[in-house]
Amino acid sequence: MLTLGVDLAAADKRTAMATIEWLSDRAVVRDVVLDVGDAQIVKASQDADKVGLDCPLGWPEPFVALVTAHRSGHVTIADGDAARWRRHLAYRLTDEVVRETTGIIPLSVAADRIAHAAFRGAGLLAMLAAAGHDVDRCGDGKLVEVYPVAALCRWGLTYRGYKGRGQKTQHADLVTALCAAAPWLELGASDALCRRSHDAFDAVVAALNARAAATGRATRPDDEQRQVAGTEGWIALPTGPLSDLVDGTGAGGRRS
């Protein structure tokens with residue numbers, strides 16, 4: 001099995017991509033690259049069994065309805081708790097599930113800078129679909145939405161403070177911790193880049209998360225959630241330890 005992880009930013013310069021080959025008893029990072037364009041992602045996706053994309057795949061349905069209504073006239077403001085009404089506009093169903101499951105509050109694709117990456121992501125989805133890939137937003141096709149911070153949390157690793165101006169944890173130390181938790185993971189020549197760039201590190205985590213989704217070891221929307229997730233997107237949270245990724249296939253997967 002070959003998984004591709006993409007840490008998608010609004011610009012190529014901050015976008016990273018990692019490829020992991022899964023063998024019977026180990027996982028080998030074959031390539032990690034920075035400054036990645038859309039065409040590179042589409043090309044790399046051709047050979048991948050599963051692509052983990054760190055980017056919202058859609059917007060909250062209430063937000064889309066609000067913008068549509070506002071364009072043609074005036075919106076209807078919900079009675080009662082105005083703060084809760086605005087919350088439904090800002091966060092997707094999957095964001096709320098992540099919050100309930102991990103305590104982590106994802107960035108709002110409707111009200112935060114992550115929207116710039118999502119604009120690019122929407123165009124990338126169109127390119128992937130045009131290339132013949134199944135881009136089902138529930139994650140059942142080749143593409144699945146991932147969230148490296150939440151994945152690290154589920155795997156018991158440090159997930160806060162390793163990037164940004166308020167950095168408290170050196171992500172180089174986090175690479176060491178990941179390798180200790182997953183001794184079967186071979187970073188090889190990409191080790192130095194992952195220690196130097198948190199974008200590169202996130203791309204590797206995205207590729208690991210893609211493996212979890214491909215082997216049935218990640219959350220999927222239930223029947224009630226599926227209709228909304230089909231338009232808003234669904235974050236596939238790992239459901240087991242890192243060690244599961246290289247041991248067998250899980251429900252709905254296959255042995256590499």
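Up top is the structure.
For clarity, every value in this text was computed on a predicted model and none was experimentally measured.

**Student:** Give a description of the overall build of the protein that names residues and reports values.
**Tutor:** The secondary structure content of the protein amounts to ten helices and six strands. Taking 2.2 N^0.38 as the reference for a compact globule, 256 residues should give roughly 18 Å; the C-alpha atoms of the protein span a radius of gyration of 18 Å, in line with that estimate. Viewed in the frame of its principal axes, the protein has a C-alpha envelope of about 55 × 40 × 35 Å. Residue pairs at least 24 apart in sequence account for 68% of intrachain contacts in the protein once pairs closer than 6 positions are excluded. Within the protein, one finds 29 positive and 32 negative side-chain charges whose respective centroids are separated by 3 Å.

**Student:** So, the layout of surface pockets: which residues are in play, and what are the values?
**Tutor:** Taken as a whole, the largest pocket spans an internal volume of roughly 1100 Å³. Taken together, 36 residues form the lining of the largest pocket, with Asp7, Arg14, Leu107, Ile114 and Lys163 sitting closest to its centre. At the level of elements, helix 5 (114-130), helix 6 (148-154) and helix 9 (198-214) are the ones that each hand at least two residues to the lining of the largest pocket. Tallied by class, the residues present in the lining of the largest pocket amount to 18 nonpolar, five polar and 13 charged.

**Student:** Which residues make up the sheet that holds strand 5 (residues 143-145), and what values do they have?
**Tutor:** Spatial strand order, 5-4-1-2-3-6: six strands in an open sheet with mixed pairing. Looking at which strands have only one partner, the edges of the open sheet turn out to be strand 5 and strand 6 (185-186). Here strand 1 (residues 2-7) runs beside strand 2 (residues 16-22); their pairing, made up of six bridges, is antiparallel. Following the sheet pairing, valine 6 is matched in strand 2 by methionine 17. Sheet strands in contact with helix 9 are strand 1, strand 2, strand 3 (27-34), strand 4 (50-54), strand 5 and strand 6, and its direction is about 45° off that of strand 2.

**Student:** Run through the packing of helix 1 (residues 38-45) against helix 5, naming residues and quoting values.
**Tutor:** Two elements in contact, helix 1 and helix 5, have axes whose closest approach is 10 Å; the angle formed by their N-to-C orientations is 40°. When the interaxial angle is binned, helix 1 and helix 5 end up oblique. Our pair here, helix 1 against helix 5, has a crossing hand that is right-handed. Every residue of helix 5 that contacts helix 1 at Asp38, Ala39, Ile41, Val42 and Ser45 is listed here: Arg120, Leu124, Met127 and Leu128. Partitioned by chemical class, the residues of the contact of helix 1 with helix 5 number six nonpolar, one polar and two charged.

**Student:** An account of empty space enclosed by the protein is needed here, citing residue identities and associated values.
**Tutor:** One pass over the full model with this rule turns up one cavity of 30 Å³ or more. Computed from the structure, the largest cavity encloses a volume of approximately 40 Å³. What lines the largest cavity is simply Ser45, Val51, Leu128, His133, Asp134, Val135, Lys142 and Leu143. Per-class residue counts for the lining of the largest cavity are four nonpolar, two polar and two charged.

**Student:** How would you summarise unusual backbone geometry if you had to cite specific residues and measurements?
**Tutor:** Non-glycine residue aspartate 35 carries a positive phi angle of around 60°. Counting through the fold element by element, aspartate 35 comes out in the loop between strand 3 and helix 1. Using a relative accessible area of 48% as the deciding quantity, one classes aspartate 35 as partly exposed.

**Student:** Tell me about helix 1, and please be specific about residues and values.
**Tutor:** When we look at burial in helix 1, the residues that qualify are Ile41, Val42 and Ser45. Around the axis of helix 1, the buried residues are gathered within 95° of arc, so they sit on the same side. Residues of helix 1 that are exposed and angled more than 90 degrees away from the buried face: Ala39 and Lys43. On its buried face, helix 1 sits against strand 1, strand 2, strand 4 and helix 5.

**Student:** Explain the side chain of glutamine 225 residue by residue, including any values.
**Tutor:** Tracing the backbone through its elements, the reader meets glutamine 225 in helix 10 (residues 223-232). Excluding anything up to four places from it in sequence, glutamine 225 contacts Leu93, Val97, Arg220 and Trp234.

**Student:** For the side chain of serine 108, give the residues involved together with the corresponding values.
**Tutor:** Turning to its location among the elements, serine 108 is positioned in the loop between helix 4 (93-102) and helix 5. Serine 108 sits in the buried class, given a relative accessible area of 5%. Reaching out from serine 108, the side chain makes a polar contact with the backbone oxygen of alanine 90 at a distance of 2.6 Å. Setting aside chain neighbours within four positions, we find serine 108 in contact with Ala90, Tyr91 and Ile114.

Rules and cut-offs
Residues numbered from 1 in each chain as written. Predicted model: local features only at pLDDT ≥ 70, side-chain atom pairs only at ≥ 80, totals over all residues. Heavy atoms only, no water. Helix = DSSP H or I, 4+ residues; strand = E, 2+ residues; numbered from the N terminus. Rg over C-alpha atoms; globule rule 2.2 N^0.38 Å. Contact = heavy atoms within 4.5 Å. Lys, Arg positive; Asp, Glu negative; His and termini not counted. Charge placed at Lys NZ, Arg CZ, Asp CG, Glu CD. 1 Å grid on protein atoms, 1.4 Å probe; cavity = no way out; pocket = protein on both sides within 12 Å on 5 of 7 lines; lining within 4 Å. Points joined across faces, edges and corners; volume = space filled by probe spheres on them. Nonpolar A, V, L, I, M, F, W, Y, C, P; charged D, E, K, R; others polar. Pairing = 2+ DSSP bridges. Axes fitted to C-alpha atoms, helices over the stretch in contact; angles between N-to-C directions. Parallel < 35°, antiparallel > 145°, perpendicular 65-115°, else oblique. Left-handed = near helix turned anticlockwise from the far one by under 90°. Buried < 20%, exposed > 50% of the residue type's maximum accessible area, 1.4 Å probe, protein only. Arc of directions from axis to C-beta. Polar contact = N/O pair within 3.5 Å; in protein donor to acceptor, adjacent residues only side chain to side chain.

Taken by themselves, the reported measurements are silent on function.
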